[in-house]
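Descriptive analysis of the structure
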Amino acid sequence: MNEQVPNPLVSIIVPIYNVEQYLVECLDSLVGQTYDNVEILAIDDGSTDSSYAVLKEYAARHQKVRVFHQENAGAAVARNWGVDEAKGKYVCFVDPDDALELNTVEEMVKVAENLQTDIIMTCLARYDSELKELLKVDVHFSQVEKLPPVFSGEDIAAQIYTTFRNGPSPCNKFILRQFIVEHRLKFQALPRVNDLCFSYAALALAERIHVINKAYYKYRTSRKGSSQNSTDKDPTPVCSAYHRLREVLSEAGKFELFAKSFYMAFYGSCNYTFKQLKNVSVADRLLKLLRSPEMADIAGVRLERMDFRTDAQFVAYKCFWSTADSVPLMIDDATRKRLDTPVSIVRGLPSKTIGFICGSLRPGGIERVIISLIPLFVAQGYKIVLMSGAPV
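Keep in mind the model is a prediction, meaning the values are calculated, not measured.

Some thoughts on the overall build of the protein chain
- For the protein chain, the helix and strand inventory stands at 14 helices and 13 strands.
- For the protein chain, buried positions account for 54% of its 392 residues.
- A separation of at least 24 residues holds for 77% of the contacts in the protein chain among residues at least 6 apart in sequence.
- Accessible area for the protein chain stands at about 17800 Å²; split by element, carbon and sulfur atoms hold 50% of it.

Quick look at the packing of aromatic side chains
- Tallied over the entire structure, the rule returns 13 aromatic pairs.
- Ring centres 5.1 Å apart and planes at 75° place the aromatic pair F93 and F187 in the edge-to-face group. Of this pair, F93 sits in strand β4 (residues 90-93) while F187 sits in the loop between α6 (177-182) and α7 (196-205); the two residues are 94 residues apart in sequence, bridging distant segments of the chain. The residues F93 and F187 share a single accessibility class, namely buried.
- Geometrically, the ring pair formed by Y242 and F262 is edge-to-face, given 5.6 Å between the ring centres and 80° between the ring planes. One end of the pair, Y242, is in helix α8 (residues 237-251); the other, F262, is in helix α9 (residues 255-276), with 20 residues separating them in the sequence.
- Taken together, the ring pairs in this structure connect Y161, Y200, Y242, F255, F258, F262, Y263 and F266 into an aromatic cluster.
- Geometry around Y58 places R61 over its ring, the cationic atom sitting 4.8 Å from the centre.
- The ring of F187 carries R79 above its face, with NZ or CZ at 5.2 Å from the centroid.

Brief notes about the nonpolar core
- If you look at the biggest cluster of nonpolar residues, it comprises 99 residues, and the most contacted ones within it are V10, I12, F174, F179, Y242 and L245.
- In contact with F174, other than residues within four places in its own chain, are V10, Y90, V91, C92, M108, V109, A112, D118, I119 and I120.

Rules used throughout
- Residues numbered from 1 in each chain as written.
- Predicted model: local features only at pLDDT ≥ 70, side-chain atom pairs only at ≥ 80, totals over all residues.
- Heavy atoms only, no water.
- Helix = DSSP H or I, 4+ residues; strand = E, 2+ residues; numbered from the N terminus.
- Buried < 20%, exposed > 50% of the residue type's maximum accessible area, 1.4 Å probe, protein only.
- Contact = heavy atoms within 4.5 Å.
- Areas by Shrake-Rupley, 256 points an atom, 1.4 Å probe, with all protein chains shown as cover.
- Phe/Tyr/Trp six-rings, centres within 6.5 Å; stacked < 30°, edge-to-face > 60°.
- Lys NZ or Arg CZ within 6 Å of the ring centre and 35° of its normal.
- Core = buried A, V, L, I, M, F, W, Y, C linked by side-chain atoms within 4.5 Å.

In structure tokens:
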């Protein structure tokens, strides 16, 4: 094996498990970076295919590549080991079935050194393995354009977890290693969303964040065997992730500051998780966990209609969190006129009844979540009533 890079400025950490089909493309994008002062920490997570052999071959040919091997323990454990072994001033994370643009590190270093950032966030270019499509995914919504070039997590505390797309991903972030060490940030050993607490805690605690509205990272989705596709087997890790995030923010004395954004993100993650589920019994297990005493401090969300963009979103929220026999329903102006009532919430529904507005149910977005949940609530003995039609 070649001698290691003595004083790398950047450490690229790659957890690897059974990705022989994509690994060469990934490694070529890393060893081919236009910035030379880089080390690549490749942690094999007990692969049973040829991935480990590929890594050793690259390490023999490239001074930048350092190979580590562990018994299968998951990507989180591998990433944590990589951070512990890293020598660089900056750290970035790459998944082994993804790839970087060749000028990524060079451009990140220029910006980080100039602005003295804790975190740089970029866009992701998502590649769907099934559809064979490559498309840009913006890292932020329009309101971020109003922020200064460098801002802190506290500057956008109320929206920090709902403003950024791909916020939970560590792969679109270029992070000061000392920042990770000082705040003792760790990835959770979970089968899914093991990066959520790490990334969300980092965003909240960072004092200097910069956003680049450009895609440098090619992110592969719909790959068979990916943890993204394991939701229907166990949907509960999302609860563990937010439980730990709340602990980290509370330990820093900052939970109340980020509470509203935390709750909105947790609710959004649950919506997303339910959308992925195809098994009603699995959905029922997640719903029971969300309503259990141990989740009371996390799932006891208190949000108002004003926090949502549409009435249908508010209805879905009520369905998730209400423990009453009947679920109140926020209605829009048109429906209010049809019902000839001056109040904005329909109350007094019969026991074990949920009311929906016909016009609010559209086959997309969060409204799709409502539709997907109907069989679950029916199975629990609820009657579904369309407010402008007959019971179904």
